[in-house]
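Below, each chain spelled out in residue letters.
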Amino acid sequence: MTGIATVFRTLAAAAAALLAVTVTAPVAQARPEPKAPGEFVSLRSVDPTIIQEMRYPTAHDFMGEPVDGYRQSLCILTRPAAEALHRAQLRLLRQGYSLKVYDCYRPQRAVDHFVRWAKDLDDQKMKAEFYPRVDKTRLFTDGYIAEKSGHSRGSTVDLTLVRLPALPTRPYRPGEKLAPCYAPRAERFPDNSVDMGTGFDCFDTLSHTDDPRVQGVQRANRQFLKETLTEAGFVNLAEEWWHYTFRPELFPDTYFDFPVARRSVAGH
């Protein structure tokens, strides 16, 4: 029995030593989520009348899935950009229109998600709507996807116009039949906005603000939006009729990565 007792004493000592290490080992701390600087605000706190139809927390985007970093359906912007939208909205309300935002501040992790998706050439489930005429191998070359986005600096917004009173837009049903984003309005995914000639995030040259093929009411609507926002201090990206940046930017060289969530701007 002496040999067995020695074995038990050895095992007991080893177990005691292991327990001591476990008890005294420091507990790994979860890395806290970054918060927005004080210059960022929720657009709703500045102007609750602007319609928000945030696309990237949903599956109705060019990837067909919610985007990393969008915790809630919320537009966050730097305060000067939000206040400039408020000024534009006051002008539009008097004319029977409202702004509607699709995307505002975009965390870097969301941009990284776009890049991963663009490199996965097998994932093309939303091609029929968002990039019917563009080969996915060309998304970087043609400038539709990039590793950095002005949205991550906080003063860029994607938006459109809605004629008041605003009708509701039905929710997207994953798996539903897709129509090209440049198809006639009656055939595209329904949107309560005015007709801009293409849908939001349409990867096509028809999305260029001044594309000469876009005429009539569609062109007039684009120019109305551009004139209104230019007067408020925004600059349009020529390749996307919906894309505007307020100038001067508060953070022209900083790409933030705090999540799109109410807690990111709590107390601002």
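Residues numbered from 1 in each chain as written. Predicted model: local features only at pLDDT ≥ 70, side-chain atom pairs only at ≥ 80, totals over all residues. Heavy atoms only, no water.

We now examine the packing of aromatic side chains. The relation between two aromatic rings is expressed through the spacing of the ring centres and the mutual angle of the planes. On inspection of all chains with the given rule, the structure shows 23 aromatic pairs. Centroid distance Tyr56 to Phe62: 6.2 Å. Interplanar angle 80°. Geometry classified as edge-to-face. Residue Phe62 is classed as buried on the basis of its relative accessible area of 3%. Taken together, Tyr56, Phe62, Tyr70, Tyr102, Phe114, Trp117, Tyr131, Tyr144, Phe200, Phe203, Trp241 and Trp242 form an aromatic cluster joined through their ring pairs. The residue whose ring lies beneath Lys136 is Trp117, and the NZ or CZ to ring-centre distance is 3.9 Å. (Phe/Tyr/Trp six-rings, centres within 6.5 Å; stacked < 30°, edge-to-face > 60°. Buried < 20%, exposed > 50% of the residue type's maximum accessible area, 1.4 Å probe, protein only. Lys NZ or Arg CZ within 6 Å of the ring centre and 35° of its normal.)

Let us look at empty space enclosed by the protein. Remark: the empty space left among the atoms is shown by a probe the size of a water molecule rolled over them. Within the structure shown, the criterion is met by 1 cavity of 30 Å³ or more. Put simply, the largest cavity is a space of about 30 Å³. As for the largest cavity, its lining consists of Tyr144, Asp201, Cys202, Phe203, Glu240 and Trp242. Residues of the lining of the largest cavity, tallied by class, amount to 4 nonpolar, no polar and 2 charged. (1 Å grid on protein atoms, 1.4 Å probe; cavity = no way out; pocket = protein on both sides within 12 Å on 5 of 7 lines; lining within 4 Å. Points joined across faces, edges and corners; volume = space filled by probe spheres on them. Nonpolar A, V, L, I, M, F, W, Y, C, P; charged D, E, K, R; others polar.)

Turning next to a nonpolar patch on the surface. Taken together, the side chains of Leu90, Leu93 and Leu164 define a hydrophobic patch exposed on the protein surface, amounting to about 210 Å² of accessible area. Along the polypeptide, Leu164 turns up in the loop between β5 (156-163) and α6 (216-231). (Patch = residues over 30% accessible without salt bridge, like charges linked within 9 Å, V, L, I, M, F, W, Y side chains within 5 Å. Areas by Shrake-Rupley, 256 points an atom, 1.4 Å probe, with all protein chains shown as cover. Salt bridge = Lys/Arg side-chain N within 4 Å of Asp/Glu carboxyl O. Helix = DSSP H or I, 4+ residues; strand = E, 2+ residues; numbered from the N terminus.)

All right, on to the sheet that holds strand β7 (residues 243-246) then. The pairing of strands in a sheet happens through backbone hydrogen bonds and is either parallel or antiparallel. Reading across from one edge, β2-β4-β5-β7-β6 is the order of the 5 strands in this open sheet, with mixed pairing throughout. Single-partner strands in this sheet number two, and they are β2 (51-52) and β6 (234-236). As defined by bridge partners, β2 adjoins strand β4 (residues 97-103) across 2 bridges and the pair is classed as parallel. Each bridged residue has a counterpart across the sheet, and for Ile51 the counterpart in β4 is Lys100. This element, helix α3 (residues 79-94), spans β4, β5, β6 and β7 of the sheet and lies at about 145° to β4. Against the sheet, α6 touches β4, β5, β6 and β7, its axis set at about 125° to β5. (Pairing = 2+ DSSP bridges. Contact = heavy atoms within 4.5 Å. Axes fitted to C-alpha atoms, helices over the stretch in contact; angles between N-to-C directions.)

Moving on: the pairing of β7. What you see with β7 is no split at all: His243 and Thr245 on one side and Tyr244 and Phe246 on the other are buried throughout. The sheet contact formed by β5 and β7 spans 3 bridges and is antiparallel. Within β7, the residue paired with Asp158 across the bridge is His243. Pairing geometry for β6 and β7, over 3 bridges, is antiparallel. By the bridge assignment for β7, Val235 is matched with Thr245. Linking β6 back to β7 in an antiparallel pair, the connection comprises 6 residues.

Counting buried positions along β4 gives 7 out of 7 residues, so the element sits mostly inside the fold. As judged from the 6 bridges shared by β4 and β5, these two strands associate in the antiparallel manner. Note on β5: the bridge partner recorded for Asp103 is Asp158.

One pass over the full model with this rule turns up 2 disulfides. Through a disulfide, Cys75 is tied to Cys104; the S-S separation comes to 2.0 Å. In this structure the cystine formed by Cys75 and Cys104 twists about its S-S bond by roughly -105°; its chirality is therefore left-handed. Here Cys75 is found in the loop between β2 and β3 (76-78), whereas its partner Cys104 is found in the loop between β4 and α4 (108-119), with 29 residues between them in sequence. Taken individually, Cys75 and Cys104 each receive the classification buried, so the pair is uniform in this respect. A sulfur-sulfur distance of 2.0 Å marks the disulfide that ties Cys181 to Cys202. (Disulfide = S-S within 2.5 Å.)

A few words now on the confidence of the model for the protein chain. Looking at the protein chain, the pLDDT average stands at 91 and 89% of residues meet or exceed 70. Every residue in residues 1-28 scores below 50 in pLDDT, and together they form 0 contacts with partners more than four places removed in sequence or on other chains. (pLDDT = per-residue confidence, 0-100.)

Turning to α6, a few remarks are in order. Because an α-helix packs 3.6 residues into every turn, residues spaced three or four apart end up facing the same way. Taking 1.5 Å per residue as the helical rise, α6 with its 16 residues ought to reach 22 Å, and the 23 Å between its terminal C-alpha atoms agrees with that figure. Regarding α6, the residues found buried are Asn221, Arg222, Phe224, Leu225, Thr228 and Leu229. Projected down its long axis, α6 carries its buried residues within an arc of 155°, all on one side. In α6, the exposed positions angled more than 90 degrees off the buried face are occupied by Gly216 and Glu231. Residues of α6 that are buried sit in contact with α3, β4, β5, β6 and β7. (Expected span 1.5 Å × (residues − 1). Arc of directions from axis to C-beta.)

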